[in-house]
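Architecture at a glance
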Amino acid sequence: MRTSSKRRPTHHRDRGTMHHTAPEQPADVVARLRATFRTGRTKPAAWRTGQLRSLRAMLTEHDGELVAALHEDLGKSSYEAYRTEIDFTIREIDHTLDHLADWLRPEPAPVPPHLAGATAWTQYDPLGVVLVIAPWNYPAQLLLAPMVGALASGNAVVAKPSELAPATSAALARLLPRYLDTDAVAVVEGGVPETTALLAERFDHIFYTGNATVGRIVMAAAARHLTPVTLELGGKSPVFVDRDTDPDAVAARLAAGKFLNAGQTCVAPDYVLTDPRTARALEPALTRAVEALYGSDPAASDAYGRIVNERHFDRLTALLGSGRAVTGGDGDRATKYIAPTVLADVDPGAPVMQEEIFGPILPIVTVPGLDEAIAFINDRDKPLALYAFTGSEETRRRLASETSSGGLGFGLPLAHLTVSDLPFGGVGESGMGRYHGRYSIETFSHRKAVLEGPSA
Ligand code: NAD
């Protein structure tokens, strides 16, 4: 395991010189951070806002390094890297800095008549030492945005970036200790063995983003210590397209949401549910939309990303035969390129409909109408996001009240997660817990009940 810290040489007295320090073991990392937490150093508002400002400075002073790393790991264009990782995190920091004092203000609670004269309120207490485990698809944002909430709540943090985005992991492990309080924040790089070793330790909260299989491992490990978890998972996020919509307008927004980061987005539209006539109109419209975004040869477009590794490339290419390719359908293993692909006439039993696609393949499944679409959605795991394009108020109302999903977006795929005042998180198989903005404070704090009786 590699842990990184910019700690002054004097702090290394007990572990040898700067150059011969043995790697710090997980138990030592946690004990060191817990000792800092116990001093109360992370509690004052000034420490919290100081950490957030430093994190912001890291993002603005080293944006080039991070953009290069994201390009190396995922072929992300710099536009995408800024929009979805760097600027996204800066916005989260700014929103938190703007409102933190307000959010942390104790909230008075009315007291019942038999306690007349007493005062009651709730206050947020930091939890202690928090573990943040991030995935590879937005490897900077999904490590840093939870950290914003954890630090703003006054916690010490162990940050575990994804080993599947090695350039970004290395950049963050190098940069974070130069900006944050290394007695309270540690970056631990590594894969399964390192994460398993970390999970053996007792944390006060574990915030995990990734797939549901590992989510179960994380939750089982947390249960041994009765540690609460937030699980930000994924799943198949459906898009219902109503017959009263403009195919070109729908296709433009759908393609932009689906093919961002080559489809490797947890809230990406996974598949389209629509009636056969609308499907026929959407097919050419989606072809036009892909061309408008990436030109006639997306492989040559700087704006289009790549698949993270060969394993995922092979998994995705095996799904390309699940329907009739309206556009795309090809790929190149050497460059991990898979064309933005739309599959029509897809049977619900086809391989592409069995698990989260997490890549640039958009199947269109037809249903007779809204009733069947709602039944189709409710027959499956609760998705992280549900999207719908419809002009009908009644349809919107029915989808909102008759289905359950982490988030619900009408007309704008992905956009709900950029609203800082909305909670972001899943339900059922798509996860538990929520964060962003003030919801991060709820996640990373304990809301303590306090009663102050009249003096005795
Ligand atoms: P990943 O493979 O990078 O794994 C995520 C983290 O889990 C990594 O840090 C990894 O080291 C760790 N890990 C992997 N195997 C482990 C094990 N056996 N024990 C302990 N830790 C382990 O990322 P992934 O899971 O492939 O990410 C993709 C999934 O994440 C998709 O399902 C996607 O929908 C979901 N996702 C959800 C969100 C969200 O915010 N809800 C965001 C992004 C991705």
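This structure is a prediction, so every number in the text was calculated from the model and none was measured.

1. A short note on the domain arrangement of the protein chain
- Each assigned domain of the protein chain is listed here: domain 1 (26-233 + 426-448) and domain 2 (238-418).
- The C-alpha centroid of domain 2 is placed 30 Å from the C-alpha centroid of domain 1.
- With 20 residues of domain 1 at the contact, the number on the domain 2 side is 24 residues.
- Both faces combined, the contact of domain 1 with domain 2 buries some 1700 Å², and carbon together with sulfur accounts for 58% of it.
- Scanning the region where domain 1 abuts domain 2 turns up zero salt bridges.
- The interface formed by domain 1 and domain 2 holds seven residue pairs in polar contact (both at pLDDT 80 or more) in total.

2. Overview of the site of the ligand
- For the ligand, the set of nearby residues contains 28 residues, the closest of which are S162, E163, N211, L233 and E356.
- Between an oxygen atom of the ligand and a side-chain N or O atom of N211, the distance comes to 2.6 Å.
- Protein chains bury 93% of the 850 Å² of accessible surface belonging to the ligand in isolation.
- For the shell around the ligand, the secondary-structure elements that each account for two or more residues are α7 (192-199), β7 (205-209) and α8 (212-224).
- Element by element, the count of residues in the shell around the ligand is highest for α7, at three residues.
- Broken down by class, the residue content of the shell around the ligand amounts to 17 nonpolar, seven polar and four charged.
- A domain-level breakdown of the shell around the ligand finds at least three residues from each of domain 1 (26-233 + 426-448) and domain 2 (238-418).

3. A closer look at the side chain of S440
- With respect to the element layout, S440 can be found in helix α14 (residues 438-443).
- S440 has contacts with E92, G149, S153 and Y435, leaving out every residue within four places of it along the chain.

4. Focus on the packing of helix α2 (residues 45-61) against helix α5 (residues 141-152)
- Where α2 meets α5, the closest approach of the two axes is 8 Å, and the angle between their N-to-C directions is 160°. Considering the angle they form, α2 stands roughly antiparallel to α5. Within the contact between the two elements, α2 uses W47, R48, Q51, L52, L55, M58 and L59 and α5 uses L144, V148, L151 and A152.
- The class makeup of the residues in the contact of α2 with α5 is nine nonpolar, one polar and one charged.

5. Focus on the sheet that holds strand β19 (residues 445-452)
- Taken in spatial order, the three strands make up an open sheet running β2-β3-β19, and their pairing is antiparallel. Each of the sheet's edge strands pairs with one partner strand only, and the pair in question is β2 (107-109) and β19. Within the sheet, the average angular offset between the axes of one strand and its neighbour, ignoring direction, is 30°.

6. Considerations on the packing of aromatic side chains
- With the rule as written, the count across this model stands at seven aromatic pairs.
- Ring-pair connections join several aromatic residues into one group, and the members of that group are F207, F424, Y435 and F444.

7. Things to note about the pattern of salt bridges
- Considering all chains together, one arrives at 23 salt bridges under this definition.
- For D314, the salt bridge goes to R333, with nearest N and O atoms at 2.7 Å. You can see D314 sitting in helix α11 (residues 310-317) and its partner R333 sitting in the loop between β12 (331-332) and β13 (337-338), a full 19 residues away along the chain.
- Looking at D314, the relative accessible area reads 33%, which means it is partly exposed.

Each value, and the rule that gives it
Counting from 1, residues in each chain are numbered in the order their sequence is written. Local features are withheld for residues below a pLDDT of 70 in this predicted model, meaning they are given only at 70 or higher, and side-chain atom pairs are given and counted only at 80 or more; totals for whole chains, interfaces and linings count all residues. Excluded from the side-chain calculations are hydrogens and water; all other atoms, namely the structure's heavy atoms, are used. In this entry, domain limits derive from an automatic or database-based domain assignment. Here, residues are in contact when the closest pair of their heavy atoms is within 4.5 Å. Simply put, the buried area is the total loss of 1.4 Å probe accessible area from both parts when two parts are fitted together. Salt bridges, as used here, are contacts in which a Lys or Arg side-chain nitrogen is within 4 Å of a carboxyl oxygen on Asp or Glu. For this analysis, a polar contact is any N or O atom pair within 3.5 Å, provided that within protein one partner can donate a hydrogen and the other can accept it, and provided that sequence-adjacent residues contribute only side-chain to side-chain pairs. Being near a molecule or strand, for a residue, comes down to having at least one heavy atom within 4 Å of it. Only the protein chains shown count as cover for residues, and the accessible areas themselves come from Shrake-Rupley with a 1.4 Å probe. Helix numbering and strand numbering both begin at the N terminus, where a helix is a DSSP run of H or I of at least 4 residues and a strand a DSSP run of E of at least 2. In this classification, Asp, Glu, Lys and Arg are treated as charged, Ala, Val, Leu, Ile, Met, Phe, Trp, Tyr, Cys and Pro as nonpolar, and every other residue, Gly included, as polar. Lines fitted to the C-alpha atoms define the axes, with helices restricted to the stretch that makes contact. Angles between their N-to-C directions range from 0 to 180 degrees. Roughly parallel refers to an angle under 35 degrees, roughly antiparallel to one over 145, roughly perpendicular to one between 65 and 115, and oblique to any angle outside these ranges. When DSSP locates at least two bridges between a pair of strands, those strands are taken to pair. Only Phe, Tyr and Trp rings are paired, with Trp represented by its six-membered ring, and only when their centres lie within 6.5 Å; those with planes under 30 degrees apart are stacked, over 60 edge-to-face, the remainder tilted. Think of it in three bands: with a 1.4 Å probe and only protein chains considered, a residue is buried below 20% of the maximum accessible area for its type, exposed above 50%, and partly exposed in between.

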